[in-house]
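So you can see what is in the structure, the chains are spelled out below.
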Amino acid sequence: MENARMRTPILSALLGFISLANQIVLIREYIAQCQGSEIAWVAFLSAWLILTGIGATVRSHPGARHDDDAIWSLLVAQCLFALLSLILLRAIRFALDVLPGESIGLIDALLMPLPILAPVCIINGLTFRLLAVQSELGIPDRRGPSYIYAFEAAGGIVAGATLRFGLLITVPNERTLLLQLAIISLSAALFSRQSFYRTIFALVCLCSGASTFVAAERVTAVLNKLEWPGADSVRSRESPYGRITIRTHAGETSLLINHALIAHSNESSKAEELTHIPLSLLPKPASAICIIEGGYAGMIREIRRRSTAPIDVVLRNSMPVKTLRNRTSDSFCNEFDLPRVVVHEDDAMGFFRRHQAYDLIILDLPPPLTIAGSRFYSIEFLSLLRRALSPDGIVILRLNIDDNYLNRENLRFARIVTHTFRTVFGDMIRLIPGETVDLIGSGGELPDCASIPRIVQNALAEQSLETFYAGEGYLPFRCGPERCARLDRMLLGKSDDCEKSTLFRPLAFSAAIRAWLSFSRTPGWLITLLCVLIIAGALATCATSLPTRRNILLLPFVSLSILGLTQMILLNSLLCLLQIIHGDGYLNIALLLSLFSAGLSIGALLSTLLDIRLSRIASISHLAFVTIALLLIRCISRSEDASIPLIMSLGSITGLAGGAFFTAWSRLHAGLTSLFYALDLIVSAIGAMLLIGVLLIWPDFRLVMIAIIGLQAIGLIMVYRRAGRREDTGGVQ
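Now for a quick tour of the structure. Every value quoted in this text rests on a predicted model; they were computed, and no experiment measured them.

1. A word on the sheet that holds strand β6 (residues 311-315)
A sheet is described by the order of its strands in space; here 7 strands give the open sequence β7-β6-β5-β8-β9-β11-β10, paired in mixed fashion. Of all the strands in the sheet, just β7 (341-345) and β10 (429-432) have a single pairing partner and so form its edges. On average, each strand axis in the sheet is inclined to that of its neighbour by 15°, with strand direction left out of account. Judged from the 5 bridges that link them, strand β8 (residues 358-363) and strand β9 (residues 389-398) form a sheet pairing that is parallel. Within the sheet, the bridge partner assigned to leucine 360 lies in β9 and is isoleucine 394. Along the sheet, helix α11 (residues 268-281) contacts β5 (289-292), β8, β9, β10 and β11 (438-442); its crossing angle with β9, the most-contacted strand, is approximately 155°.

Pasting the structure below:
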């Protein structure tokens, strides 16, 4: 009996470690394939939760073995299928015939995780169910399943901390999974009881260990070929903000981060237009110039042709620069080391709170397809730029849209960004039409759009400089009077879409995502119907596992549904808060998930050991959720107060309240822990999808927090209406 009590918690902790490690690594891989979009994040997380919930409801055969060898086999199988899922994710763009730099379609982004993750997640849920059954047999005082839940969460703590402080920084995804497989199979070989299993596990350990430490470079090269077919050469490395890839094909070099094209060796048009046009409009030579999140592919070279001013380059992620420094064959790769160029590895919002007096600020930004990227299109950030400008300074932003091909959603995005600029700079903004519309704001006077080509040509002639895209060959065609007037009418005229984008109401993100979705060939109603059918099927699977007396389970099912919705919405809101305020990448997200798991584990243990009445635990949990929602509203109102330690603490408290509440219900209904676990996961997936739906339709985090408070009020009313009934009798049903 004592051996069973020791082995089962250890196996549960290993399950939690494997589960969270696989989740973080595979979600990182999937986000890298989908250009870092939070849509991909939620699609992956929802698929993971739903499939794991289905796995937890699978009933084993009555004569099936529930011994340790069977569980060790499932743990090793989960690691093997995680490697297979990684390979399939690497090949997803090739299978879908998606070009480099192109976005994966909406229907593919939503549904592809389901078949890819199915083996990993179903085995994960099935393993939890077997451990719960084993604990009920070995620890007959109803506390066994609670301990399983607690120790599984504890294993997640170790996984999140290990990835945050070690593997995510330096180790590629494939090596992380190979190393995990080697460790788990070695443990299985050491502790397995039968010689047959020990031999199989030892062989798996030997193969995975050799792949990790001996043939690691070869494994990475094979996966790169699978991910980038036809490329002459591919170099990739992981960074805290995504995968950096340098791809060479037909003599041209591309720099991509998470498959989003950042720079290309043949981008002279962008380099010339974003530098020569604003420099020509300045009333005096520039004394300080700043480039935000860019400066690749000749932009620094063009500035140095025109100006002797120092150039500050602000990059949230400087690893692309460090990677490019090793290349000497491409001219655009070594410009960051030129004299008068200083690279600042800093968040742009924090940087401009400390630095001012720039004559020119160039926003070399990708479209705001992520929440972290949308903050650079907010009133708060543009106000920082306005204060950092000299009295006649200029800010220029490229919108990456063509004024001749504006559909409804692209037009809405352009209007939102334009009116956000107008809120900050007043009437001193100009729109330069073209294949990519440029938006200029200034603290001083600006000429009308039609006269800009003449001013630029005169300025270039004074310095005897020749260009094509900013010279007389192309710019007059872009800035024709009729074209400029038409663009002003479309974007600056009165419209119902004249909203402004802010940090916590990221309309630029919403509009950019909807513009991306508008290119999908699959109707939106069909996608919604498919999601509803998948969730309904998962809930029906739970319903088939219910015991005969179903009426007594109505209250726990509704209460756990409220818990699942609340937990997942709060956790994703905290993740969004990290992205919005601090622009965080994977590192602090992994730490937040680890602290959330720590809260789950501690809450489950406290609820089990202290044997507190359900009504009291419910009251404390609901009030904790209300407090977190109120604190988040305060953080939204005063974003500078939302420090990383505060966000991490709120994540731990969310897990603490949820773990205690879940464990209290599990102890009251013996034998239904895995079913409650499945329900919690499936409803959590619904909560994640609801949050993204709200952000796409009406992105306002205050409304989300108010909805959370309303859910807690419903939960409290339900619990207190049943406070004196059998469900609240402590440990007896």
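2. As for the packing of α11 against helix α18 (residues 452-462)
Running from amino to carboxyl end, α11 crosses α18 at an angle of 90°, the nearest separation of the two axes being 9 Å. On the basis of the axis angle, α11 is roughly perpendicular to α18. Of α18, the residues touching α11 (which contributes His276, Ile277, Ser280 and Leu281) are Ile452, Ile455, Val456, Ala459 and Leu460.

3. A short note on the pattern of salt bridges
Inspection of the entire model under this criterion finds 8 salt bridges. The salt bridge partner of glutamate 174 is arginine 90, with a shortest N-O separation of 2.9 Å. Separated by 84 residues along the polypeptide, glutamate 174 in helix α8 (residues 173-191) and arginine 90 in helix α3 (residues 68-90) bring together distant segments of the chain. By relative accessible area, arginine 90 is classed as buried at 2%.

4. Notes on unusual backbone geometry
The phi torsion at glutamate 293 lies on the positive side, around 55°, for a residue other than glycine. Within the element layout of this structure, glutamate 293 appears in the loop between β5 and α12 (299-306). Even without being a glycine, arginine 340 presents a positive backbone phi close to 70°. Positionally, arginine 340 belongs in the loop between α13 (319-324) and β7.

Calculation criteria
- Residues numbered from 1 in each chain as written.
- Predicted model: local features only at pLDDT ≥ 70, side-chain atom pairs only at ≥ 80, totals over all residues.
- Heavy atoms only, no water.
- Pairing = 2+ DSSP bridges.
- Helix = DSSP H or I, 4+ residues; strand = E, 2+ residues; numbered from the N terminus.
- Axes fitted to C-alpha atoms, helices over the stretch in contact; angles between N-to-C directions.
- Contact = heavy atoms within 4.5 Å.
- Parallel < 35°, antiparallel > 145°, perpendicular 65-115°, else oblique.
- Salt bridge = Lys/Arg side-chain N within 4 Å of Asp/Glu carboxyl O.
- Buried < 20%, exposed > 50% of the residue type's maximum accessible area, 1.4 Å probe, protein only.

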